[in-house]
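Listed below, chain by chain, are the residues.
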Amino acid sequence: MSKLWSGRFSKGATKLLDEFNASLSFDKKLYHEDIKGSIAHATMLGAQGILEKSEVLKITEGLKQIETEIESGAFVFDISDEDIHMAIETRLIAIVGDVGKKLHTARSRNDQVALDFRMFVLGSNLEIIDKLKVLIETLIDIAKENTNTLMPGMTHLQHAQPINFGFHMLAYANMFKRDILRFEDSYKRNNILPLGCAALAGTPHHIDREKTAKLLGFDAVSANCLDTVSDRDFALEILFNIATTMMHVSRFSEELILWSSYEFKFITLSDEYSTGSSIMPQKKNPDVPELLRGKTGRVNGNLISLLTVLKGLPLAYNKDMQEDKEGVFDSVETIFISLEILNEAIKTMSINQNNMMQACATGHLSATDLADYLVAHCNIPFREAHFITGHAVSYAETLGKDISTLTIEELKKVDERIEEDAVKFLDLRHSMNARNSQGGTSEASTKEQIKELEAWVKSFGA
Ligand code: ARG
């Protein structure tokens, strides 16, 4: 069958051109958005008297039938239709006859694709937010169980100060909260109707864009048609937001990998979410977090690809822009499954509290507490206190001890001014609970953070 745009052509397209030019193989994913947009468009045309009511009805029914055909697998996709927009329109004309040819009045594929793709991206923003909420809830559940589970807090991957495992989980929960806010922000900024811009300059037909916007749930109508059909910022934003979230997922994954090694053994991933080695029978590998870490490569790539495609494009639509979709589809699918599996993997992991506690016994985690003690109780300036504590650490090392286990006699050998009560300050749990400033790691502060975050997740989007 000849193409919908073939009026001025005397020769048909070659098979090679069809293959190269077509986006149908991937943009058929947008069928739902395309049909929804077309029904709204036809409804608006009807309300404006551009189409008869009976014509709107026929078109709408035809489009609904097509949706059912696509969903049941009965729809025959033909690559020579080029893209999902023309595949649906061609089929509509086949079903409802000539009236189907009126649907494209006051519309171009340029604003049509801008609409469909934008609706897909907006919907994806919301789905990602839902999945992030589930993940935060899981992290909160784990945190609640572990506000008193001591673990070594690290900087430079070296023992630094004692913290609790719940506090560590909340650090990730807060990253994912920021991610939610970013997706939400993008959603709000981009919830603007592109349809009605036609090819690039608007249309002489007496359309009502506000009505279309209302029908499709957009907050507003785009301001400038030339900008609108050229704009893919909404796609860039979701790619950036996904890349950032996946960077958080990747950092978390890296810790899960480290923690499940024999050296740490802080957690054990459940068998359901671990894999074996084909040669080494003893192995249980953390493939899930490794893959999650690895997938940041492709989502970063997708962001850079689209930035590169768009850079230097003159206004308005250029066919280069057809390259905008696959990367977005890929990033969206990647983050969907990543968030789901990360959630399952952490829900089912076991937390080896004793191993974490044991790890706290080395590395002089409470050294800062001795320095703080010297400042607060012996009126020694912090720089000097730091120096004295350094001595205490090296003295403890010569004894083969951790600073937290030094006796008062041993401490007095380091500095006469140290009193009996210093021993208490060196205790690891005391050290953790001493960090009671807002946002700190003390058990009380951690519980406060849990309460606030829990209230936030519950109220978000409600
Ligand atoms: N398949 C095209 C895309 O994905 C749709 C828009 C085509 N517009 C055009 N004038 N060729 O970008």
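Here is what the cut-offs are and how they apply
All residue numbers here refer to positions counted from 1 along the written sequence of the relevant chain. Only residues with pLDDT of 70 or above have their local features reported here, since the model is predicted, and side-chain atom pairs are shown and tallied only from 80 upward, although totals for entire chains, interfaces and linings are computed over all residues. Side-chain numbers here rest on the full set of heavy atoms in the structure, without hydrogens or water. Whenever a carboxyl oxygen of Asp or Glu lies within 4 Å of a side-chain nitrogen of Lys or Arg, that contact is scored as a salt bridge. Numbering of helices and strands runs from the N terminus; a helix is a DSSP stretch of H or I covering at least four residues, while a strand is a stretch of E covering at least two. Under the scheme applied here, a residue whose accessible area is under 20% of the maximum for its type counts as buried, over 50% as exposed, and between as partly exposed, the area being computed with a 1.4 Å probe on protein chains only. In this text, buried Ala, Val, Leu, Ile, Met, Phe, Trp, Tyr and Cys residues form a nonpolar core when linked through side-chain atoms within 4.5 Å. Between N-to-C directions, angles span 0 to 180 degrees; the directions come from axes that are lines fitted to C-alpha atoms, helices contributing only their stretch in contact. Oblique is the label for any angle not covered by the other classes, which are roughly parallel (under 35 degrees), roughly antiparallel (over 145) and roughly perpendicular (65 to 115). Contacts are assigned to residue pairs that have any heavy atoms within 4.5 Å of one another. Following the grouping adopted for this structure description, the nonpolar residues are Ala, Val, Leu, Ile, Met, Phe, Trp, Tyr, Cys and Pro, the charged ones are Asp, Glu, Lys and Arg, and the polar ones are all others, Gly among them. Throughout this document, a residue counts as near a molecule or strand when at least one of its heavy atoms sits within 4 Å of that molecule or strand. Side-chain atoms alone can form a polar contact between residues adjacent in sequence; in general such a contact is a pair of N or O atoms within 3.5 Å, and within protein one must be able to donate a hydrogen while the other accepts it. Method for areas: the Shrake-Rupley scheme with a 1.4 Å probe, in which residue coverage is limited to the protein chains shown. Multiplying 1.5 Å by the helix residue count minus one yields the expected span of that helix. Patch definition: residues with relative accessible area over 30% and no salt bridge; like charges joined within 9 Å; nonpolar side chains (Val, Leu, Ile, Met, Phe, Trp, Tyr) joined within 5 Å. Note on definitions: the grid is 1 Å and covers protein atoms alone; a cavity is a set of points where a 1.4 Å probe fits but cannot get out; a pocket is an open set with protein on both sides within 12 Å along at least five of seven lines; lining residues have an atom within 4 Å of a point. Grid points are joined across faces, edges and corners, and a volume is the space filled by probe spheres set on the points. We treat Lys and Arg as the positive residues and Asp and Glu as the negative residues; His and chain ends play no part in the count. Two rings belonging to Phe, Tyr or Trp (six-membered ring only in the last case) form a pair when the distance between their centres is within 6.5 Å. Interplanar angles under 30 degrees mark stacking, angles over 60 mark edge-to-face geometry, and anything in between is tilted.

Asks: Help me out: how do you make sense of the pattern of salt bridges in this one?
Replies: Pairs can form between side chains of opposite charge once their charged atoms are near each other. The final tally for this structure, using the stated rule, is 29 salt bridges. The residue aspartate 18 makes a salt bridge to lysine 3 at a minimum N-O spacing of 2.9 Å. Pair noted here: aspartate 18 is in helix H1 (residues 15-21) and lysine 3 is in the segment before H1, with a separation of 15 residues, a long-range link. With respect to class, aspartate 18 is no different from lysine 3; both count as buried. Across the salt bridge formed by aspartate 231 and arginine 118, the nearest N and O atoms sit 3.0 Å from each other. Here aspartate 231 is found in the loop between helix H9 (225-230) and helix H10 (233-259), whereas its partner arginine 118 is found in helix H6 (residues 109-145), with 113 residues between them in sequence. Like aspartate 231, the residue arginine 118 is buried in the burial classification. The network of salt bridges with common partners includes Glu82, Asp83, Arg109 and Lys319.

Asks: What is the right way to look at the nonpolar core in this model?
Replies: In a soluble, globular protein the nonpolar side chains are often hidden away together inside. Counting residues in hydrophobic clusters, the biggest one holds 88 residues, and the most contacted among them are Phe176, Phe252 and Trp259. Counting 19 residues, the second largest nonpolar core, distinct from the first, contains Leu374, Ala385, Ile418 and Phe425.

Asks: Sorry if this is basic, but what is going on with the packing of helix H11 (residues 287-294) against helix H12 (residues 296-310) here?
Replies: When two helices pack together, you describe them by how their axes are tilted relative to each other and by the distance separating the axes. At a minimum axis distance of 4 Å, the contact between H11 and H12 shows a crossing angle of 15°. Judged by the angle between their axes, H11 and H12 are roughly parallel. Contacts between H11 and H12 involve Leu292, Arg293 and Gly294 on the former and, on the latter, Thr296, Gly297 and Arg298. In terms of residue class, the contact of H11 with H12 is made up of one nonpolar, three polar and two charged.

Asks: Sorry, what's going on with unusual backbone geometry here?
Replies: Here the residue pair leucine 315 and alanine 316 is connected by a cis peptide bond, since its omega of 0° sits within 30 degrees of zero. Within the secondary structure, alanine 316 is located in the loop between H12 and helix H13 (325-348). The phi angle at leucine 157 is positive, at roughly 60°, despite the residue not being glycine. One can find leucine 157 in the loop between strand E1 (150-155) and strand E2 (158-164). For alanine 198, which is not glycine, the phi torsion reads 55° and is therefore positive. For alanine 198, the location among the structural elements is in the loop between strand E3 (192-193) and helix H8 (209-216). Residue classification places alanine 198 among the buried positions, given a relative accessible area of 8%.

Asks: Honestly, the site of the ligand in this entry has me stumped. Any pointers?
Replies: Around the ligand, the neighbouring residues are Ser23, Asp27, Asp83, His85, Arg109, Asn110, Val113, Tyr317, Gln322 and Lys325. A distance of 2.5 Å is found between an oxygen atom of the ligand and a side-chain nitrogen or oxygen belonging to tyrosine 317. In isolation the ligand exposes 350 Å². Once the protein is present, 86% of that is buried. In terms of residue count, H6 provides more of the shell around the ligand than any other element does, three residues in total. A breakdown of the residues in the shell around the ligand according to their chemical character gives two nonpolar, four polar and four charged.

Asks: Would you mind showing me how to read helix H16 (residues 382-399) here?
Replies: For the α-helix, the turn length of 3.6 residues means that residues three or four positions removed from each other point alike. For H16, built from 18 residues, the straight-helix expectation of 26 Å at 1.5 Å per residue is met to within 8% by its first-to-last C-alpha distance of 25 Å. Against helix H15 (367-378) and helix H17 (408-414) lie the buried residues of H16. Directly beyond the C-terminal end of H16, a positive phi value near 70° is found at glycine 400.

Asks: What exactly am I supposed to notice about a nonpolar patch on the surface here?
Replies: Taken together, the side chains of Leu200, Leu226 and Leu315 define a hydrophobic patch exposed on the protein surface, amounting to about 270 Å² of accessible area. Inspection of the secondary structure puts leucine 315 in the loop between H12 and H13.

Asks: Even after reading the chapter, I still don't get the layout of surface pockets, so can you show me in this structure?
Replies: The rolling of a water-molecule-sized probe over the atoms marks out the regions of remaining empty space. What the largest pocket holds in volume is close to 530 Å³. Contributing to the lining of the largest pocket are 23 residues, with Met154, Ile163, His168, Ala171 and Glu255 lying nearest its centre. Elements with a contribution of two residues or more to the lining of the largest pocket: E1, E2, helix H7 (165-190) and H10. Counted by class, the lining of the largest pocket contains 14 nonpolar, six polar and three charged residues.

Asks: I'm lost on the side chain of lysine 133 in this one. Help?
Replies: Examined against the element boundaries, lysine 133 turns out to sit in helix H6. It is aspartate 130 that comes nearest to the buried, bridge-free lysine 133 among opposite-charge side chains, at 5.1 Å. In this structure, lysine 133 is in contact with Ile180, Val457 and Phe460, ignoring residues within four places of it in sequence.

Asks: Just to check I follow, could you spell out the packing of aromatic side chains for this structure?
Replies: Here a ring pair, both rings aromatic, is described through the centre-centre distance and the interplanar angle of the planes. Here the structure, examined in full by the defined rule, presents 10 aromatic pairs. Where tryptophan 5 meets phenylalanine 9, the ring centres are 5.1 Å apart and the plane angle is 55°; that geometry is what we call tilted. Since its relative accessible area comes to 30%, tryptophan 5 is described here as partly exposed. Of the residues examined, phenylalanine 9 reaches a relative accessible area of 46% and is grouped as partly exposed. Here phenylalanine 117 and phenylalanine 329 contribute two aromatic rings whose centre-to-centre distance is 6.3 Å and whose plane-to-plane angle is 85°, an arrangement assigned as edge-to-face. Of this pair, phenylalanine 117 sits in helix H6 while phenylalanine 329 sits in helix H13; the two residues are 212 residues apart in sequence, bridging distant segments of the chain. Every member of this aromatic cluster is reached through a ring pair, and the members are Phe117, Phe120, Phe234 and Phe329.

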